[in-house]
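Structural characterization, general
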Amino acid sequence: MRARKSAIRHPSGVTLQTPLLVPSFSSKGFQFNKDGDSEITIALGITSEVLYESMLISAYDLFHGHIQKPTDLKGLPNVVFLDSGGYETSDEHELSSVFRHLVPVKEWDESKLKILLDSWPPHVPAVFVNFDHGSVRKPLKVQIASAWKLLKKYPDQLHDIILKPETKNQAYIQLPSVLSLAGELGKFHIIGFTEKELGSSILARMEMIARIRYALDEANVSAPIHVFGSLDPISSCLYFLAGAEIFDGLTWLRYSYLNGMTVYVQNFGAVELDDVNERDKTVRDAGLVHNLVQLRKLQNEMNAFLLEQDFNVFTHHSALLKKAYDSLSAKMGGRK
């Protein structure tokens, strides 16, 4: 099996166990109300006390005041992933995105990211992601060198490199480039890719993950693969089976998780709360906490799969997952 379990020890002493499902927060695609509060600020206020393990926030949002400082929250998870702002400064959206509220992109560069990294509270364990701007494309070797030049300055935090297509004409990560540089990626604690840039179909993305994982293993690089933008009850499991171990995304904010599927929040209220008369705000608030519970359950099922190697440990979609895994195995020439 490509799915595996690993652990990363943070310099603070916190152990980051994988597989790990990371709830994300971003201003992109979400609105501000008449009082100037963003939907993300409201969501953080509702869920901060139940975000026990991890969360992802954007350095861009922190710098421009779109999101609360971690130290201002009621509670803090064990580790905070600090994304570098590439998502907020690009024209791209996650696969789960439906509404695209156009917000002018504010100034953002590596010097502004450094200001945040330099001022990060030392008592808050974090995973720093290298600088990534939506309009910038560089050769993979240059991306790795630039990321290491920045992140090595912060030895008290974990380092997560996000690899991007090398030219503006490339929609996807180029596998030969990654394979040729697999050994150089070993200096980072985590190796990341955005879901959309891994391939044009679910199976193509699974195959890309699997081939990268094999190459990393052969280069004695144990760093887990992080798929940005893939926090979904089905896709997270599929990429996990292919060899990825960390998943984040905004799906849990946009939809509700119900019976292993993503559904409209209003439908969650009608079915799970069994009350079509409930106010939308009450349904939304209940749905956010419910989604976090569902993510923990799914993470437990992933861990159970690693122990038992049995697709039936998944409460939902076990047959689908087995079929997809068999398809991947065939694409990989029967390799397990």
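Residues numbered from 1 in each chain as written. Predicted model: local features only at pLDDT ≥ 70, side-chain atom pairs only at ≥ 80, totals over all residues. Heavy atoms only, no water.

1. Focus on the pairing of strand β4 (residues 54-58)
The following threshold applies: We call a residue buried when its accessible area falls under 20% of the maximum for its residue type, exposed when it is over 50%, and partly exposed in between, using a 1.4 Å probe and counting protein chains only. Note on conventions: DSSP H or I runs of at least 4 residues are helices, E runs of at least 2 residues are strands, and numbering of each starts at the N terminus. Here a strand pair is declared whenever DSSP counts at least two bridges between the two strands.
The buried fraction of β4 amounts to five of the five residues, a majority that puts the element mostly inside the structure. Of the two faces of β4, both are covered, the one formed by Ser54, Leu56 and Ser58 as well as the one formed by Met55 and Ile57. Relative to strand β5 (residues 79-83), β4 runs parallel, the two being bridged by five bridges. Across the sheet, leucine 56 pairs through a bridge with phenylalanine 81, a residue of β5.

2. Quick word on helix α1 (residues 39-47)
To be explicit about the condition: Regarding the arc, it is the one traced by the directions from the helix axis to the C-beta atoms. Any two residues having at least one pair of non-hydrogen atoms within 4.5 Å are treated as being in contact.
Residues of α1 that are buried: Ile40, Ala43, Leu44 and Thr47. Down the axis, α1 shows its buried residues gathered within 100° of arc, on one side only. Where α1 is buried, its residues contact β4, α8 (251-254) and α10 (280-308).

3. A few points about the environment of serine 222
Within the secondary structure layout, serine 222 lies in the loop between α6 (202-218) and β9 (225-228). Serine 222 gets classed as exposed once you look at its relative accessible area, which sits at 55%. For serine 222, the contacting residues outside a window of four places in its chain are Arg4 and Arg213.

4. Re unusual backbone geometry
With an omega of 10°, the peptide bond running from threonine 18 to proline 19 counts as cis. With respect to the helices and strands, proline 19 occurs in the loop between β2 (15-18) and β3 (20-23). Even without being a glycine, asparagine 259 presents a positive backbone phi close to 55°. With respect to the helices and strands, the residue asparagine 259 is situated in the loop between β11 (256-258) and β12 (261-263). Among the residues examined, asparagine 259 registers a relative accessible area of 55% and is labelled exposed. In this structure, glutamine 309 is a non-glycine residue whose phi angle is positive, near 55°.

5. Some words on the packing of aromatic side chains
Selection rule: Working definition: rings of Phe, Tyr and Trp (its six-membered ring) pair if their centres are within 6.5 Å, and the pair is stacked with planes under 30 degrees apart, edge-to-face with planes over 60 apart, and tilted otherwise.
Enumeration over the complete set of coordinates arrives at 10 aromatic pairs. With centroids separated by 5.6 Å and ring planes inclined at 35°, the aromatic side chains of phenylalanine 305 and phenylalanine 314 adopt a geometry described as tilted. Among the residues examined, phenylalanine 305 registers a relative accessible area of 0% and is labelled buried. Judged by relative accessible area, phenylalanine 314 falls into the buried class, the value being 2%. Each residue in the set Phe240, Phe305, Phe311, Phe314 and Tyr325 is aromatic and connected to the rest through ring pairs, giving one cluster.

6. A short note on the packing of α6 against helix α11 (residues 318-331)
Using the following cut-off: Only the stretch in contact is used when a helix axis is fitted, and all axes are lines through C-alpha atoms; the angle between N-to-C directions ranges over 0 to 180 degrees. Working rule for angles: under 35 degrees goes down as roughly parallel, over 145 as roughly antiparallel, 65 to 115 as roughly perpendicular, anything else as oblique. Left-handed describes a crossing whose near helix is turned anticlockwise from the far helix through less than a right angle; right-handed describes the clockwise counterpart. Gly falls in the polar group here, along with every residue not listed as nonpolar (Ala, Val, Leu, Ile, Met, Phe, Trp, Tyr, Cys, Pro) or charged (Asp, Glu, Lys, Arg).
Remark: α6 packs on α11, axes separated minimally by 10 Å, with the N-to-C direction vectors making an angle of 60°. Considered as vectors, α6 and α11 are oriented oblique to each other. Here α6 runs over α11; the crossing is right-handed. Within the contact between the two elements, α6 uses Leu203, Met206, Glu207, Ala210 and Arg211 and α11 uses Ala324, Ser327, Leu328 and Lys331. Counted by class, the contact of α6 with α11 contains five nonpolar, one polar and three charged residues.

7. Re α6
What counts, and what does not: A helix's residues, less one, multiplied by 1.5 Å, set its expected span.
Compared with an ideal rise of 1.5 Å per residue, which puts 17 residues at 24 Å, α6 spans 24 Å between its outermost C-alpha atoms and is within 8% of the ideal. Of the positions making up α6, those classed as buried are Arg205, Met206, Glu207, Met208, Ile209, Ala210, Ile212, Arg213, Tyr214, Ala215 and Leu216. Elements in contact with the buried residues of α6: α5 (175-180), β8 (190-194), β9, α7 (235-242) and α11. Just downstream of α6, asparagine 220 is the residue with a positive phi angle, here 60°.

8. Digging into a positive patch on the surface
So the rule is basically this: In this analysis, a patch consists of residues with relative accessible area above 30% that form no salt bridge, clustered at 9 Å for like charges and at 5 Å for the nonpolar side chains Val, Leu, Ile, Met, Phe, Trp and Tyr. Computed with the Shrake-Rupley method and a 1.4 Å probe, the accessible areas treat only the protein chains shown as cover for residues. For this analysis, a salt bridge means a side-chain nitrogen from Lys or Arg found within 4 Å of a carboxyl oxygen belonging to Asp or Glu. In summary, the charge assignment counts Lys and Arg as positive and Asp and Glu as negative, without counting His or the chain termini. We put the charge of a Lys on NZ, of an Arg on CZ, of an Asp on CG and of a Glu on CD.
On the surface, Lys149, Lys152, Lys153 and Lys187 cluster together into a patch of positive charge. One can find lysine 149 in helix α4 (residues 140-151).

9. Re the pairing of β5
Of all five residues that make up β5, five are buried, and the element is covered over most of its length. Neither face of β5 is open: one carries Val79, Phe81 and Asp83, the other Val80 and Leu82, and all of them are buried.

10. Concerning the packing of α7 against α11
Viewed as axis vectors pointing N to C, α7 and α11 meet at an angle of 40°, and their least axial separation amounts to 10 Å. Taken together, the axes of α7 and α11 are oblique relative to one another. Between α7 and α11 the crossing geometry is right-handed. Contacts between α7 and α11 involve Cys237, Leu238, Leu241 and Ala242 from the former and Leu320, Leu321, Ala324, Tyr325 and Leu328 from the latter. Each residue belonging to the contact of α7 with α11 can be placed in one class, and the counts come to nine nonpolar, no polar and no charged.

11. Re the sheet that holds strand β7 (residues 158-162)
Read across the open sheet, the eight strands follow the order β3-β10-β9-β8-β7-β6-β5-β4; overall the sheet is parallel. Each edge of the sheet is formed by a strand with only one pairing partner; in this case those strands are β3 and β4. Along the sheet, successive strands turn relative to each other by an average axial angle of 25°, direction set aside. Against the sheet, α6 touches β8 and β9, its axis set at about 155° to β9.

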